[in-house]
Amino acid sequence: MVKAQVKRVVLAYSGGLDTSVIVPWLRENYGCEVVCFTADIGQGEELEGLEEKALRSGASRLIIRDLKEEFARDYLFRVLRAGAVYERKYLLGTSIARPLIAKHQVDVAHEVGADAVAHGATGKGNDQVRFELTYMALDPRLKVIAPWREWEIRSRQDAIRYARERNIPVTATEKSIYSRDRNLWHLSHEGGPLEDPWNEPEEGMYLISTSPESAPDEPEYIEISFESGTPVAVNGVNMSPAQIIHHLNAVGGHHGIGRVDLVESRLVGMKSRGVYETPGGTILMAAHRELESLVLDRDTLHFKDLVALKYAELVYSGMWFSPLREALDAFVDSTQGPVTGTVRLKLYKGNIIVAGRTSPFSLYREDFATFGQDDVYNQSDAKGFINLFGLPLKVRALNGLPVSGLEMPKPDYSRFKRD
């Protein structure tokens, strides 16, 4: 395959084994300058010593941007407001991070005058699609290099050997059995024993949540306040979006909240098994859902559930910068005005138990819901409603269902007046 002519490439850089190896590989195979870009979206200690590592790998420079607040405000909270959950369990922690990283990677490419971008996603996974659809949407002129689709490296052992031969500093060893992705929203685990869906995850694998069995024996109550669908405070203390998630990660992880074991359908057509820790996101999703149940009318709430499924599919598939996602956001935004109020939750040994919810826009009225007589609901009205609501069932029965073993007589349609 003839390689594209590239002068300068911006690599989405994590400092892990794959991207550490990609830096010298790009220089050797494309003869280009490599600028590394890292988005700080809550990886924590993973960012320590990253600049030295990138430079020793052969990069000309490393650019790091603190994107935690943007990530929380413009991406995570949009997923939250939409109620988007992929395949019933996955809160989209990795999926929603990729378009943000790729967007800023494109911005950096413009700033440094790069003519190409590169990523470390494999040719079997979802991330390659998420990165490259974002590149395509924001600047299709940039050349895209995906080393995993080109090079001869086929295993972790191959990559470690390649790094050692070039004196590239990597901390990975053959004994590192899990592939992990960490950000403000979640920590994911794949590979190793998890590749057999019959294997129960080892307790030592989890890093940010305790087991429900080891969680405190006393429950903890928390109150989360929302304004127009957006979380703004915890226990009455106003916090920024990233601060709210960080705080709830600590509280939820302490009580064993947010562990998910999922066999999911990858975009590229195969199944994969992942285990996710999402303590804060799980708490926020539960609180937001409860508040919506209090303030949204039935038809809006039910239709929004349908939108949430499509929204999750778009995020998972890397279609963040798409007209449909923007249109769905417009719908979601139009529903969130009354989603204002406070939800009280009880956290106990991996469980989130609703303890209360209140809103100035509540559609629940005790005097309406009571079974007693009132001026709003007359119980005798139910007869007419039931007759009309059940009319299709009645017509179906009249058109052929047997009663006591006898066929019903066909109705005389000439007696019916038509519009």
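### Description of the packing of aromatic side chains
Enumeration according to the criterion identifies 11 aromatic pairs in this entry. Taken together, a centroid distance of 6.2 Å and an interplanar angle of 35° make the contact between Phe131 and Tyr135 tilted. Of this pair, Phe131 and Tyr135 both sit in helix α5 (residues 127-138), 4 residues apart, which is roughly one turn of that helix. In this structure, Phe131 and Tyr135 share a single accessibility class: buried. With 5.5 Å between their ring centres and 85° between their planes, Phe303 and Phe331 make a pair best called edge-to-face. Remark: Phe331 occurs in helix α10 (residues 323-335) and Phe303 occurs in helix α9 (residues 298-316); sequence separation between them is 28 residues. Here the aromatic residues Trp25, Tyr30, Trp148 and Trp151 are joined through ring pairs into a cluster of three or more.

### Here we look at the state of the cysteines
Within this structure, the stated rule accounts for 0 disulfides. Of all cysteine sulfurs, the one in Cys36 lies closest to Cys32, which takes part in no disulfide; the gap is 11 Å. Residue class for Cys36 comes out buried when judged on its relative accessible area of 0%.

Scoring rules and cut-offs
- Numbers given to residues run from 1 along each chain, matching the order in which its sequence is written.
- The predicted nature of this model means local features are confined to residues of pLDDT at least 70 and side-chain atom pairs, given and counted, to a pLDDT of 80 or more, with totals for whole chains, interfaces and linings taken over all residues.
- Here the side-chain values reflect all heavy atoms present in the structure, with hydrogen atoms and water set aside.
- Stacked, tilted and edge-to-face are the three classes assigned to paired rings of Phe, Tyr and Trp, where Trp is represented by its six-membered ring and a pair needs centres within 6.5 Å; plane angles under 30 degrees give stacked, over 60 edge-to-face, the rest tilted.
- Working definition: helices are DSSP H or I runs of at least four residues, strands are E runs of at least two. Numbering for both runs from the N terminus.
- Note on classification: 1.4 Å probe, protein chains only; a residue is buried when its accessible area is under 20% of the maximum for its type, exposed when over 50%, partly exposed between these limits.
- Here, a disulfide means two cysteine sulfur atoms that sit within 2.5 Å of each other.

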